[in-house]
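# Architecture and fold: a report
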Amino acid sequence: MLEFGMLLVMIVALVGVVAVYLRGRGGFRPAQGETGTLYVTGVSPRPDDLVGEQFVTITGTVTGPTVQGTVVYGRFAWDVNAWPSIGDLITVAYPAGKPERWQIVHPGARPSLGS
């Protein structure tokens, strides 16, 4: 009985190693992403006395090829000299059918850690 358990553990470990190897070589391909538009409906206030990148919270509606009007929000590090405003249209990318996992396609913005 003990030998069967050891054999089972070794097989499971081997399958795990093969899966990690294939993932690293592109064996598991993620779903194709889509590009859409974020219509900004809310944005945190621009800090008046600070310069450089500061955190901004953006709320809006994502529209894309397979998504119509999904409300989303996110927190980003953004240059205060190019602060977004309500009514802006921002290009975003997201996994197909999952607009809640959107990311801004903008060189001045990057997702903050932990959001």
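For the structure itself, look to the data block above.
These remarks concern the structure in this document. Bear in mind that the values here come from a model prediction, so they are computed numbers and not experimental data. (Residues numbered from 1 in each chain as written. Predicted model: local features only at pLDDT ≥ 70, side-chain atom pairs only at ≥ 80, totals over all residues. Heavy atoms only, no water.)

A few words on the packing of aromatic side chains. Tallying each qualifying case throughout the model produces one aromatic pair. Seen in terms of ring centroids, Phe76 and Trp102 are 5.2 Å apart; in terms of plane orientation they differ by 55°. Their pairing is tilted. Of this pair, Phe76 sits in strand β3 (residues 70-79) while Trp102 sits in the loop between β4 (89-95) and β5 (103-104), and the two are 26 residues apart along the sequence. Both residues of the pair, Phe76 and Trp102, belong to the buried class. Seen from the ring of Phe55, Arg75 lies directly overhead, with NZ or CZ sitting 4.0 Å from the centre. (Phe/Tyr/Trp six-rings, centres within 6.5 Å; stacked < 30°, edge-to-face > 60°. Helix = DSSP H or I, 4+ residues; strand = E, 2+ residues; numbered from the N terminus. Buried < 20%, exposed > 50% of the residue type's maximum accessible area, 1.4 Å probe, protein only. Lys NZ or Arg CZ within 6 Å of the ring centre and 35° of its normal.)

As a further point, take the nonpolar core. Within the largest apolar cluster, 16 residues are counted, with the highest numbers of intra-cluster contacts made by Leu38, Ile58, Phe76, Trp78, Val92, Trp102 and Ile104. Those elements giving two or more residues to this core turn out to be β1 (33-43), β2 (53-63), β3 and β4. (Core = buried A, V, L, I, M, F, W, Y, C linked by side-chain atoms within 4.5 Å.)

To continue, consider the pairing of β4. The alternating pattern of β4 places Ile90, Val92 and Tyr94 on a buried face, while none of Leu89, Thr91, Ala93 and Pro95, on the opposite face, is buried. Two elements, β1 and β4, share seven bridges in a ladder whose sense is antiparallel. In the strand pairing of β4, Leu38 is matched with Ile90. Both β4 and β5 contribute to a ladder of two bridges, which runs antiparallel. Among the inter-strand pairings, Ala93 is bridged to a residue of β5, identified as Gln103. (Pairing = 2+ DSSP bridges.)

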